[in-house]
Amino acid sequence: QVQLQESGPGLVKPSETLSLTCTVSGGSFNSYYWSWIRQPPGKGLEWIGYIYYSGSTNYNPSLKSRVTMSIDTSKNQFSLNLSSVTAADTAVYYCARESMLGNYFDYWGQGTLVTVSS
Amino acid sequence: QSALTQPASVSGSPGQSITISCTGTSSDVGGYNYVSWYQQHPGKARKLMIYEVSNRPSGVSDRFSGSKSGNTASLTISGLKAEDEADYYCTSYTSSSTVYVFGTGTKVSVL
């Protein structure tokens, strides 16, 4: 069974960089697109972007200037960096695997709450 | 990005059938057969229930079925069970640069 687990600080100060890692276990890491998705409290889900196992990326245009994703296939991990955070970036952050068929997510992590506050 | 519209809550008695709607636009739900549905119990990861409008992954009960008409997709749960009480979300591929658009979520209660 494929499992995804987000990890990282639960509290980040304004203007700093939010950094999260997703560790994948129980399945192949290669040949998939790996996404980050977030949900601010009381609001809807927002796709942040994805990274392919080869390292190519695609980001949500609204966040593109602040987002960097990376991947470490040797550790079955991929990461999210979001710079210059504000309170509006407070959200539950999820990692997810896009199905090999494409256009839907077949596995999700449980999510991790990141609060931006001084 | 505009979210897909779902009812906030739907309820039913054990054994009944319920339907959750997911309304979008011709740029997402209506334009592609890439609607998926997810179930989430509190504290648990989202679970894929339906993909590509009406396909069930292996291991998902056939009590769950999906359909689409125009810009609205639907998830039907038949023979409602207590274990079906959860939050349900729809997702669609979109032609916009955001790639995916998500539903607002529906809380299903089993009375």
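Rules behind the numbers
- All residue numbers refer to positions counted from 1 along the written sequence of the respective chain.
- Naming scheme: in the order in which they are written, chains are lettered from A and ligands are numbered from 1.
- Confidence filtering applies because this is a predicted model: local features only for residues at pLDDT of at least 70, side-chain atom pairs given and counted only at 80 or more, and all residues used for totals across whole chains, interfaces and linings.
- Only heavy atoms go into the side-chain values, all of them from the structure, while hydrogens and water stay out.
- The secondary structure listing takes helices from DSSP runs of H or I that are at least 4 residues long and strands from runs of E that are at least 2 residues long, numbered from the N terminus.
- When we talk radius of gyration, it's over C-alpha atoms, and the globule rule is simply 2.2 Å times the number of residues to the 0.38.
- Residues are treated as being in contact if the distance between any of their heavy atoms lies within 4.5 Å.
- Surface exposure here means Shrake-Rupley accessible area, sampled with a 1.4 Å probe, where a residue is shielded only by the protein chains that are shown.
- For cavity detection a 1 Å grid was placed over the protein atoms alone, and a set of points counts as a cavity when a 1.4 Å probe fits there but cannot get out; an open set counts as a pocket when protein lies on both sides within 12 Å along at least five of seven lines, with lining residues being those that have an atom within 4 Å of a point.
- Grid points are joined across faces, edges and corners, and a volume is the space filled by probe spheres set on the points.
- Three classes are used, and their members are as follows: Ala, Val, Leu, Ile, Met, Phe, Trp, Tyr, Cys and Pro are nonpolar, Asp, Glu, Lys and Arg are charged, and the others, Gly among them, are polar.
- Disulfides are defined as cysteine sulfur pairs within 2.5 Å.
- In this scheme, a residue with accessible area under 20% of its type's maximum is buried, one over 50% is exposed, and one in between is partly exposed, where area comes from a 1.4 Å probe on protein chains only.
- Pairing of aromatic rings covers Phe, Tyr and Trp, the last through its six-membered ring, and needs centres within 6.5 Å; plane angles under 30 degrees mean stacked, over 60 mean edge-to-face, and all others mean tilted.
- Both a distance and an angle decide whether a charge sits over a ring: NZ of Lys or CZ of Arg must be within 6 Å of the ring centre and within 35 degrees of the ring normal.

### Quick notes on the overall build of chain A
Okay, step 1: What chain A contains, in helices and strands, is zero helices and 11 strands.
Okay, step 2: Since a compact globule built from 118 residues should have a radius of gyration of about 13 Å, the 13 Å found for chain A is in line with a globular shape.
Okay, step 3: Along the longest, intermediate and shortest principal axes, the C-alpha atoms of chain A span 40 × 25 × 25 Å.
Okay, step 4: Long-range pairs, those at least 24 residues apart, make up 52% of the contacts in chain A between residues at least 6 apart in sequence.
Okay, step 5: Only carbon and sulfur atoms are counted for the fraction: they give 46% of the accessible area of chain A, which is about 5,300 Å².

### Concerning the layout of surface pockets
Okay, step 1: Considered as a void within the structure, the largest pocket measures approximately 490 Å³ in volume.
Okay, step 2: If you trace the largest pocket, you find 21 residues lining it, with Q1, V2, D106 and Y107 of chain A together with R46 of chain B closest to the centre.
Okay, step 3: Among the secondary structure elements, those contributing two or more residues to the lining of the largest pocket are strand 1 (3-7) and strand 10 (105-108) of chain A together with strand 4 (47-50) of chain B.
Okay, step 4: Per-class residue counts for the lining of the largest pocket are 10 nonpolar, seven polar and four charged.

### Concerning the state of the cysteines
Okay, step 1: Under the counting rule described, the total for this entry stands at two disulfides over all chains.
Okay, step 2: Put simply, C22 of chain A and C95 of chain A are joined by a disulfide, and their sulfur atoms are 2.1 Å apart. What sets the handedness of the C22 of chain A and C95 of chain A disulfide is the S-S torsion sign, and at about 65° it is right-handed. On the criterion of sequence distance, the pair formed by C22 of chain A in strand 3 (residues 18-25) and C95 of chain A in strand 9 (residues 91-98) is long-range, its members being 73 residues apart. C95 of chain A matches C22 of chain A in its accessibility class, with the two residues each being buried.
Okay, step 3: Between the sulfur of C22 of chain B and that of C90 of chain B lies a disulfide, 2.1 Å long from S to S. Here C22 of chain B and C90 of chain B share a disulfide; its torsion about the S-S bond, 80°, makes the bridge right-handed. Taken as a pair, C22 of chain B in strand 2 (residues 18-23) and C90 of chain B in strand 7 (residues 86-93) lie far apart in primary sequence, 68 residues in all.
Okay, step 4: For C22 of chain B, a relative accessible area of 0% puts it in the buried group.
Okay, step 5: Given the relative accessible area of 0%, C90 of chain B is considered buried.

### Side note on the packing of aromatic side chains
Okay, step 1: Enumeration over the complete set of coordinates arrives at 20 aromatic pairs over all chains.
Okay, step 2: Taking the centre distance of 6.3 Å and the plane angle of 15° together, the rings of F105 of chain A and F102 of chain B count as stacked. In this pair, F105 of chain A sits in strand 10 while F102 of chain B sits in strand 8 (residues 100-102), so the two residues belong to two different chains.
Okay, step 3: We classify F105 of chain A as buried; its relative accessible area is 0%.
Okay, step 4: The class of F102 of chain B is buried, set by a relative accessible area of 1%.
Okay, step 5: Joined through ring pairs, the aromatic side chains of Y33, W47, Y50, Y52, Y53, Y94, F105 and W108 of chain A together with Y38, Y100 and F102 of chain B make up one cluster.
Okay, step 6: Directly above the ring of W108 of chain A sits R46 of chain B, whose terminal nitrogen or CZ lies 5.0 Å from the centroid.
Okay, step 7: The ring of Y89 of chain B carries R46 of chain B above its face, with NZ or CZ at 4.1 Å from the centroid.

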